[in-house]
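Below are the chains, spelled out letter by letter.
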Amino acid sequence: MSDPETASAQAVRLVRELYPEALGAVLGGSAAQGRATASSDLDIGVLLPDSAGSGRRVVRHEGRQAELFLNAVGDVPGFFAWDRARRRATVVFVYAQGVTLTDPSGHAADTRRLAEEIVALGPPPLTVDQWRHGRYVLTCYLDDLVDTPPTSRHEQLVVADHVLREAAELVTAHRGAWTGIGKWLPRRLLAADPGLGNALLDGHLAVAERADPVPLAAAATEVLEVVGGPLREGYAHRWGAFEARGS
C-alpha cells in the first residue's frame, strides 16, 4: 500500500505547481484512506477563484497519474447539489472523507463541512417514475439472463453485468444509501444491504466462473419483490425533449 503521508506530500507539490492561485485543496479517494497501491491515481479536489471556472483534469505528475476535480468556490453549492442528485456524490465524498492539503482562507474547511452534511443527508429518494423505470429495466435484463443459453458466454456475461448494476441501483435506493460505479458498486452495495448485496455479488460470480445464472436470477428476483415486483406489460414512459433512452 502507498503511504498516505507520501501521497499527500506529492499532492501538495502538484497543487502548488499547477494551481498556485488555489484557495484550498483536498486529497481524497484511496490515497487519503491508506488503501492506495503504487499505481493508484491521486484524487484531488482543488478550489479556485470564481474567475477560473470549474472542470475536471487528468495529469501525470512525478510519474503518478492524478485526477483533479476543479471547482470555483462560488460554484460549489450548485455543483454539490448536482453531484448529490446523481446519487453517487463522487466529488462530495472526496471532500467529506479526504485530507486537507492546503487551506489558506478557510474555503476548504467550509467545503468539507458542506460535503459532510450532504453525505449525512444521503441521496435524494427516487421518484415514482424512476422506481417504475428501474423495476422495468431490471425485469428486462432478468428475463434476458434467464433466456440466454450458457453457450452464449459473451452475451451472458454482459447481461449479468447489467443485472448486477440495475439491481444495485434499486437496493441502494431502497435503503436510502449512496450508490456507486466501478469498484465502488460492490462497496456501496454491501454497505447498504449486506444480505442482498452478497447474494447479488456471489450470483454474478457464479455466472462468471460457472456460467450458472440461477443464483443471480434468484437474487435479482428477490430485489424486485422487495421494491414492488417485476414490471413488464403496463409500463409506460414519456420521453422528454431529445431523450432517447432504451432499456
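Model, not experiment: these values are computed from the prediction.

**Student:** For this particular structure, what's the right way to read the pattern of salt bridges?
**Tutor:** Two side chains with opposite charge may pair up if their charged atoms get near one another. Using the criterion set out here, one finds 9 salt bridges in the structure. E62 is the salt-bridge partner of R13, the closest N and O atoms lying 2.7 Å from each other. Here the residue R13 occupies a position in helix α1 (residues 4-18), and E62 occupies one in the loop between β3 (55-61) and β4 (64-72), the gap between them amounting to 49 residues. Given a relative accessible area of 39%, R13 falls into the partly exposed group. D143 is the salt-bridge partner of R232, the closest N and O atoms lying 2.9 Å from each other. Within this pair, whereas R232 is found in the segment after α10 (214-226), its partner D143 is found in helix α6 (residues 128-147), the two being separated by 89 residues in sequence. R232 gets classed as partly exposed once you look at its relative accessible area, which sits at 42%.

**Student:** Whenever I open this one, the packing of aromatic side chains confuses me. Can you help?
**Tutor:** When we look at a pair of aromatic rings, we describe it by the centre distance and by the angle of the planes. Throughout the structure, instances matching the rule amount to 5 aromatic pairs. Judged by centre distance (5.3 Å) and plane angle (45°), the ring pair of F79 and W82 falls under tilted. In this pair, F79 and W82 both sit in helix α3 (residues 76-85), 3 residues apart, roughly one turn of the helix. What makes F79 partly exposed here is its relative accessible area of 24%.

**Student:** Would you mind showing me how to read the side chain of E67 here?
**Tutor:** Tracing the backbone shows E67 in strand β4. In this structure E67 comes out as buried when scored by relative accessible area, which is 16%. Of note is the side chain of E67, whose polar atom sits 2.6 Å from the side chain of R56.

**Student:** How do you make sense of the packing of α6 against α10 when you look at a structure like this?
**Tutor:** The packing of two helices is summarised by the inter-axis angle and the distance between the axes. α10 packs onto α6 with a crossing angle of 160° between their chain directions and a minimal axis gap of 10 Å. Of the possible angle classes, the one that applies to α6 and α10 is roughly antiparallel. The element α6 and its partner α10 pack so that their crossing is left-handed. Listed contacts from α10 to R135, L138, T139, L142, L145 and V146 of α6 are L216, A217, A220, T221, V223 and L224. Grouping the amino acids of the contact of α6 with α10 by side-chain chemistry returns 9 nonpolar, 2 polar and 1 charged.

**Student:** Explain the layout of surface pockets to me, please; I cannot follow it from the model alone.
**Tutor:** The method is simple in principle: a probe with the dimensions of a water molecule rolls over the atoms, and the space it marks as empty is what remains. In this structure, the second largest pocket occupies an estimated 530 Å³ of space. Only α2 (29-33), β4, α4 (90-96) and α8 (184-192) provide two or more residues apiece to the lining of the second largest pocket. When the residues that make up the lining of the second largest pocket are grouped by side-chain class, the tally is 6 nonpolar, 9 polar and 9 charged.

**Student:** Even after reading the chapter, I still don't get the sheet that holds strand β2 (residues 42-48), so can you show me in this structure?
**Tutor:** Whenever strands of a sheet pair, they do so through backbone hydrogen bonds, lying parallel or antiparallel. Spatially, β3-β4-β2-β1-β5 is the arrangement adopted by the 5 strands of the open sheet, whose pairing is mixed. Both edges of this open sheet fall to β3 and β5 (99-102), since each of them pairs with a single strand only. Direction aside, the axes of adjacent strands within the sheet are offset by 30° on average. One ladder, built from 7 bridges, connects β3 with β4; its direction is antiparallel. Bridge pairing in β4 places V59 opposite A66.

**Student:** How do you make sense of the environment of A22 when you look at a structure like this?
**Tutor:** Tracing the backbone shows A22 in the loop between α1 and β1 (24-28). In sequence terms A22 and R56 are 34 residues apart; their C-alpha atoms lie 15 Å from each other. Among residues more than four places away in sequence, those in contact with A22 are V15, V46, L47, L48 and P104.

**Student:** Mind showing me how you'd approach the pairing of β1 here?
**Tutor:** In regular strands, side chains alternate between the two faces of the sheet. In terms of residue burial, β1 counts as a mostly covered element, since 5 of its 5 residues are buried. Of the two faces of β1, the one carrying G24, V26 and G28 and the one carrying A25 and L27 are both buried. Here β1 pairs with β2 via 5 bridges, running antiparallel. Bridge pairing in β2 links G24 to L47. For β1 and β5, the ladder comprises 3 bridges, and the chain directions are antiparallel. Looking at the pairing, L27 lines up with V99 of β5.

Analysis parameters
- Residues numbered from 1 in each chain as written.
- Predicted model: local features only at pLDDT ≥ 70, side-chain atom pairs only at ≥ 80, totals over all residues.
- Heavy atoms only, no water.
- Salt bridge = Lys/Arg side-chain N within 4 Å of Asp/Glu carboxyl O.
- Helix = DSSP H or I, 4+ residues; strand = E, 2+ residues; numbered from the N terminus.
- Buried < 20%, exposed > 50% of the residue type's maximum accessible area, 1.4 Å probe, protein only.
- Phe/Tyr/Trp six-rings, centres within 6.5 Å; stacked < 30°, edge-to-face > 60°.
- Polar contact = N/O pair within 3.5 Å; in protein donor to acceptor, adjacent residues only side chain to side chain.
- Axes fitted to C-alpha atoms, helices over the stretch in contact; angles between N-to-C directions.
- Parallel < 35°, antiparallel > 145°, perpendicular 65-115°, else oblique.
- Left-handed = near helix turned anticlockwise from the far one by under 90°.
- Contact = heavy atoms within 4.5 Å.
- Nonpolar A, V, L, I, M, F, W, Y, C, P; charged D, E, K, R; others polar.
- 1 Å grid on protein atoms, 1.4 Å probe; cavity = no way out; pocket = protein on both sides within 12 Å on 5 of 7 lines; lining within 4 Å.
- Points joined across faces, edges and corners; volume = space filled by probe spheres on them.
- Pairing = 2+ DSSP bridges.

Take it as geometry only, folks, not as evidence of what the structure does.
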